[in-house]
Amino acid sequence: MKLVTAREMQNLDRLAVEEYSIPGIVLMENASKAVADVAVWMLDKCEVNSIIVVCGKGNNGGDGFGAARWLASYGYDVKVMFVGDDLDVVQGDAAIELNMLLSAGVDVVCVADEEALFVAEVDLQNADLIIDAMLGTGFEGELRGNYKKLCQIINDCETKVLAVDVPTGVNADKGTVADDAIRADATVTMALVKCGMLQYPAREFVGELHIAEIGMPQNMLDNCNSKKYLLTPEIISRLLPIRSRNAHKGDAGRVVVVAGSPGFIGAAALCSKSAVKAGAGLVSLLSPESSAALLAIKLDEEMVHALDEDINCELTPSAIEDILDKVSGADVLAIGPGLGTGKRTMAAVREVLLQIDKPVVIDADALTALKDHTYVLNEMAAPKVLTPHPGEFARLTGLSIEEINSNRVELAAKFAERWNAVVVLKGAATVIGCPNGTVYVNTTGCEAMATGGSGDVLTGIIASLAGQGISLQEAALCGVYLHGVAGELAANDSIGLAAGEITQCLPRALQLAKEDSNTEELVCNHALKVLE
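Figured I'd write up the structure that's included with this text. Predicted model, so just to flag it, every value in this text is computed and none were measured.

So, the overall build of the protein chain
Item 1. Each helix and strand counted, the protein chain has 23 helices and 20 strands in total.
Item 2. The globule rule puts the C-alpha radius of gyration for 532 residues at 24 Å, and the 26 Å found for the protein chain is close to it.
Item 3. Across the 532 residues of the protein chain, 58% fall into the buried class.
Item 4. Restricting to contacts in the protein chain with at least 6 residues of sequence separation, those with at least 24 account for 72%.
Item 5. By element, 47% of the accessible surface of the protein chain is carried by carbon and sulfur atoms, the whole surface being about 21,500 Å².
Item 6. Positive and negative side-chain charges in the protein chain, numbering 41 and 72 respectively, have mean positions lying 7 Å apart.

See the structure below:
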């Protein structure tokens, strides 16, 4: 499923009208009916069924005018409020919808002064459903004037809220929100999901997301210029490796993990264990000598090898040679979890990355080794996946965490191209940028996964899948998705999750993905409902 920016959606609207000869009012009418149908669904168990639609002057308001007319024709008690004092400012298709609404006998009340706001507040508090059709995908910045005041009133009500296309005050591209932005219970977005709606904090304001098919030709949507996609079960089921029934362990992927140091052996154990549970046939864990003995006792299925270290427990030049030797017989390398950040270890990591030619997953302390040394990424011969959280990404890019979290999709794509790497920018929602400019947004996972070691598990999953015969990019996409599904299964709608429990649920997550289960089942916390 493609994701779009507000500008890309505007271009599609224009293309539908100019090149596919679909009148704009037809698209708006279809959008309006979709909003009305979701409103009916939300009011299913309500006895009174009083609806207030709050409209702005643009096309978002036009969708609201149309929805109000449809709902009135269904027999609901509908009131319409307009933000402003002059209906004549409504133009284009929105004006056509407004005139049809007025002709149908539905009054529109202008909200422009304090007295009107007071009356509106009373009415809004007594409604069974509020439809927010004030500001749409073109919004950015902060709310002002009566838009801000009405948003405050609506948010203070206990009434359910349905937003049209995007809640007022939410940036559809970046996922940022203005002060007092509408917190909707559900949102009907038109044709395609806007990429910012899947990022936090916007995702908390969108509520349950419905996608309205408004009559745009499918081939036009499929061929639009956007290179942004939502990760879905359909994508993952096509990418996952298929294992022959007569396969042996050597066929199932040989993974080398370089991880662990005194005090951080848990990261190494979680990473290597998740590689096993994600299906790797053979997993070798290489760890500094002072850690290896403990890891050998802790682990059963993984082969633990000790790396030479100096008196400070840092890797030596002979450790580099040992790593390169072990990787030469493997399919993929995962490096970094709990490895330590001493100068000699960091230098050793960079040297390994420059010399290997096997696919590599770079995480945690190995990412720290690249701070001020990102030239290594462009000099590497090996395909690579980077798995930074926002703090690590900030160290690599020189940007602030705030800048990163307010523009995750664009930045993941930018630096994936710059470094010729797959960039897995972890967080909610995790974004995967690819070297060709394609970006994927993942919505599996839950808040319980905010626990130490969760990222180490992800690194092991990606390495495991890459060792099983799919490309590193495909492994990153599948790994991120499965990591989230396993986390949801392990959490079971509660918190207090331990990272190792995610690992234990990987086989079930793999089974569900291979069965190509529907999106609503797997994306438990952000179900996408498509209106036909």
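Here the narrative resumes.
Describing helix α16 (residues 390-397)
Item 1. Of all eight residues in α16, seven are buried, a share of seventy percent or more.
Item 2. Looking only at α16, the buried set comprises P390, G391, E392, F393, A394, L396 and T397.
Item 3. For α16, the secondary structure elements touched by its buried residues are α14 (365-368), β16 (384-386), α17 (401-405), α18 (408-419) and β17 (422-425).
Item 4. Of the residues one or two after α16, G398 is the one with positive phi, at around 80 degrees.

Concerning the sheet that holds strand β18 (residues 431-433)
Item 1. Reading across from one edge, β8-β1-β10-β19-β18-β17-β16-β15-β14-β11-β12-β13 is the order of the 12 strands in this open sheet, with mixed pairing throughout. Only two strands of the sheet have a single partner each, and these edge strands are β8 (193-194) and β13 (303-307).

Examining a negative patch on the surface
Item 1. Negative charge collects at one region of the surface, where D85, D86, D88, D113 and E115 lie side by side.
Item 2. For D113, the position within the fold is in the loop between β4 (108-111) and α5 (114-126).

Observations regarding the packing of helix α12 (residues 317-328) against helix α13 (residues 343-355)
Geometrically, a packed helix pair is captured by the angle between its two axes and the distance between the axes.
Item 1. Look at α12 against α13: their axes get within 10 Å of each other, and the N-to-C directions meet at 35 degrees. When the axes of α12 and α13 are compared, the crossing they make is right-handed. Taken together, the residues of α13 that come into contact with α12 (itself represented by P317, I320, I323 and L324) are R344, A348, E351, V352 and Q355.
Item 2. Tallied by class, the residues present in the contact of α12 with α13 amount to six nonpolar, one polar and two charged.

Topic: the side chain of T438
Item 1. With respect to the helices and strands, T438 occurs in the loop between β18 and β19 (439-441).
Item 2. If we skip the residues at most four places from it in the chain, T438 touches K227, Y229, I432 and G433.

A few points about α12
Item 1. Relative to the 16 Å expected for 12 residues at 1.5 Å per residue, α12 spans 17 Å between its end C-alpha atoms, a close match to the ideal helical length.
Item 2. What α12 keeps buried is the set A319, I320, I323, L324 and V327. An end-on view of α12 places all buried positions within 135 degrees of arc, on one side of the element. Opposite the packed face of α12, turned more than 90 degrees from it, sit the exposed residues E321 and S328.
Item 3. On the buried face of α12, the contacting elements are β11 (254-258), β12 (282-288), β13, β14 (332-335) and α13.

Quick word on the packing of aromatic side chains
Two aromatic rings are characterised by how far apart their centres lie and by the angle between their planes.
Item 1. Under the counting rule described, the total for this entry stands at five aromatic pairs.
Item 2. Ring centres 5.0 Å apart and planes at 45 degrees place the aromatic pair F415 and W419 in the tilted group. Of this pair, F415 and W419 both sit in helix α18, four residues apart, which is roughly one turn of that helix. As far as burial versus exposure is concerned, F415 and W419 are alike and both buried.
Item 3. Among the aromatic residues, those joined into a ring-pair cluster are F393, F415 and W419.
Item 4. A cation over an aromatic ring shows up here: R183 above the ring of F205, its NZ or CZ 4.1 Å from the ring centre.

A closer look at the nonpolar core
Item 1. V258, L333, I335, L353, V360, I362 and W419 are the most contacted members of the largest nonpolar core, which has 64 residues in total.
Item 2. With seven residues, the top contributor of residues to this core is α18.
Item 3. Dropping the residues within four chain positions of it, W419 is found in contact with T374, L377, N378, K384, L386, F393, L396 and T397.

Examining a nonpolar patch on the surface
Item 1. Taken together, the side chains of F118, V119 and V122 present a nonpolar region at the surface, about 270 Å² in accessible area.
Item 2. With respect to the element layout, F118 can be found in helix α5.
Item 3. Judged by relative accessible area, which is 55%, F118 ranks as exposed.

Re the pattern of salt bridges
Item 1. The full count for this structure, using the stated rule, is 15 salt bridges.
Item 2. Three or more residues are tied together by salt bridges with common partners; here these are E29, R69 and E97.

Section: the pairing of β12
Item 1. Burial within β12 is extensive, with seven of its seven residues counted as buried.
Item 2. Here five bridges tie β11 to β12, and the two strands are oriented parallel to one another. Of the residues in β12, the one forming a bridge with V258 is L286.
Item 3. Considered for its hand, the β-α-β crossover made up of β11, helix α10 (residues 265-277) and β12 is right-handed.
Item 4. Sheet topology places β12 next to β13; five bridges connect them, and they run parallel. From the neighbouring strand, S287 faces β13, where its bridge partner is A306.
Item 5. What joins β12 to β13 is helix α11 (residues 289-298), and the crossover it makes is right-handed.

Cut-offs used in this document
Residues numbered from 1 in each chain as written. Predicted model: local features only at pLDDT ≥ 70, side-chain atom pairs only at ≥ 80, totals over all residues. Heavy atoms only, no water. Helix = DSSP H or I, 4+ residues; strand = E, 2+ residues; numbered from the N terminus. Rg over C-alpha atoms; globule rule 2.2 N^0.38 Å. Buried < 20%, exposed > 50% of the residue type's maximum accessible area, 1.4 Å probe, protein only. Contact = heavy atoms within 4.5 Å. Areas by Shrake-Rupley, 256 points an atom, 1.4 Å probe, with all protein chains shown as cover. Lys, Arg positive; Asp, Glu negative; His and termini not counted. Charge placed at Lys NZ, Arg CZ, Asp CG, Glu CD. Pairing = 2+ DSSP bridges. Patch = residues over 30% accessible without salt bridge, like charges linked within 9 Å, V, L, I, M, F, W, Y side chains within 5 Å. Salt bridge = Lys/Arg side-chain N within 4 Å of Asp/Glu carboxyl O. Axes fitted to C-alpha atoms, helices over the stretch in contact; angles between N-to-C directions. Left-handed = near helix turned anticlockwise from the far one by under 90°. Nonpolar A, V, L, I, M, F, W, Y, C, P; charged D, E, K, R; others polar. Expected span 1.5 Å × (residues − 1). Arc of directions from axis to C-beta. Phe/Tyr/Trp six-rings, centres within 6.5 Å; stacked < 30°, edge-to-face > 60°. Lys NZ or Arg CZ within 6 Å of the ring centre and 35° of its normal. Core = buried A, V, L, I, M, F, W, Y, C linked by side-chain atoms within 4.5 Å. Right-handed = clockwise from strand over helix to strand, strands pointing away.

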